[in-house]
Amino acid sequence: MTRRSISKRAAVVTVTTVLALGTAGTVVATAGPQQDAKPSKKQIAALFDGWNAALQTGDPKKVANRYAPDAVLLPTVSNEIRTDRAEIIDYFDHFLPNKPVAKKVETYINVLDSNSAIDAGAYDITLTDPKTGKKRVVEARYTYEYEKRGGKWLIVNHHSSVMPEG
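Because the structure is predicted, anything quoted here is derived from the model rather than measured.

## A word on the packing of aromatic side chains
Thinking step 1. Applying the stated criterion across every chain, the model contains 12 aromatic pairs.
Thinking step 2. Here F48 and Y123 contribute two aromatic rings whose centre-to-centre distance is 6.0 Å and whose plane-to-plane angle is 40°, an arrangement assigned as tilted. Taken as a pair, F48 in helix 2 (residues 41–57) and Y123 in strand 3 (residues 116–128) lie far apart in primary sequence, 75 residues in all. A single burial state applies to F48 and to Y123, both of which are buried.
Thinking step 3. Look at W51 and Y144: their rings are 5.4 Å apart centre to centre, the planes differ by 65°, and that puts the pair in the edge-to-face class. Here W51 is found in helix 2, whereas its partner Y144 is found in strand 4 (residues 135–149), with 93 residues between them in sequence. A single burial state applies to W51 and to Y144, both of which are buried.

## What about the pairing of strand 2 (residues 101–113)?
Thinking step 1. The pairing of strand 2 with strand 3 spans 11 bridges and is classified as antiparallel. Residue pairing across strands places E106 opposite A122, the latter belonging to strand 3.
Thinking step 2. Counting the residues between successive antiparallel strands, the hairpin from strand 2 to strand 3 contains two residues.

## Quick word on the environment of V156
Thinking step 1. Within the secondary structure, V156 sits in strand 5 (residues 152–162).
Thinking step 2. The exposure class of V156 is buried, given its relative accessible area of 10%.
Thinking step 3. Measuring from C-alpha to C-alpha, the distance between V156 and Y146 comes to 5.7 Å, with 10 residues separating the pair along the chain.
Thinking step 4. Those residues in contact with V156, other than ones at most four positions away along the chain, are A68, D70, A71, V72, E145, E147 and R149.

## A word on unusual backbone geometry
Thinking step 1. With a phi close to 45°, K99 is a non-glycine residue in the positive phi region.
Thinking step 2. With respect to the secondary-structure elements, K99 resides in the loop between helix 4 (85–95) and strand 2.
Thinking step 3. In this structure K99 comes out as exposed when scored by relative accessible area, which is 60%.

## Details of the confidence of the model for the chain
Thinking step 1. Looking at the chain, the pLDDT average stands at 86 and 78% of residues meet or exceed 70.
Thinking step 2. Confidence drops under a pLDDT of 50 for residues 5–30, and excluding neighbours within four residues, the segment shows two contacts in the predicted structure.

## A short note on the pattern of salt bridges
Thinking step 1. As enumerated under the stated definition, the model contains five salt bridges in all.
Thinking step 2. Here R149 ties to D70 by a salt bridge, and the two come within 2.7 Å at their closest N and O atoms. Placement of the pair is R149 in strand 4 and D70 in strand 1 (residues 67–74), with a sequence separation of 79 residues.
Thinking step 3. The exposure class assigned to R149 is partly exposed, which follows from its relative accessible area of 30%.
Thinking step 4. Its relative accessible area of 47% is what places D70 among the partly exposed residues.
Thinking step 5. Residue R149 pairs with E147 through a salt bridge whose shortest N-O separation is 3.0 Å.
Thinking step 6. Residues participating in the shared-partner salt-bridge network are D70, E147 and R149.

What counts and how
- Once a new chain begins, its residue numbering starts again from 1 and follows that chain's sequence as written.
- Local features are withheld for residues below a pLDDT of 70 in this predicted model, meaning they are given only at 70 or higher, and side-chain atom pairs are given and counted only at 80 or more; totals for whole chains, interfaces and linings count all residues.
- Each side-chain value is derived from all of the structure's non-hydrogen atoms; neither hydrogens nor water enter the calculation.
- Think of it this way: a Phe, Tyr or Trp ring, Trp meaning its six-membered ring, pairs with another when their centres are within 6.5 Å, and the plane angle makes it stacked under 30 degrees, edge-to-face over 60, tilted otherwise.
- Secondary structure elements follow DSSP: runs of H or I of four or more residues count as helices, runs of E of two or more count as strands, with numbering from the N terminus.
- Using a 1.4 Å probe on the protein chains alone, a residue whose accessible area is under 20% of its type maximum counts as buried, one over 50% counts as exposed, and one in between counts as partly exposed.
- Two strands are counted as paired when DSSP detects at least two bridges linking them.
- Every residue pair with non-hydrogen atoms within 4.5 Å of one another is taken to be in contact.
- pLDDT is a residue-level measure of predictor confidence that goes from 0 to 100.
- When a carboxyl oxygen of Asp or Glu is within 4 Å of a side-chain nitrogen of Lys or Arg, the pair counts as a salt bridge.

Rendered as structure tokens:
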């Protein structure tokens, strides 16, 4: 092989490498922003704490703000399925006078991806009778399905029911 053919071959290899690197750089640059990292189980658990704190305000709208506009609520102490904001507010309007305080007994969190997670388990809900002040504890099981929408974690599905054996 002559010196001239080696130079031509080197030039072709160099041009090919530059083109390949340039193409790879373009693909990376145009692929768009990286997906958010998955939240930790601790971050998802904190969403329940925020919901419970909203209960303590006594304001049904503040509690309803934790739910997506198209959320479904299957509540603990009502047979009516709630499927929009007005119905969710109505439920909490009647539920909050009982000064509910929820305490998790058992929890299982499954982070599905960067924008969705499920928290399921059992909790005790302490209710105070508004007339007598007498407290009672309702043992219940729960499922919260969360979605991150517009950068905010919201409840899209909430099922809570009294334990069948209690």
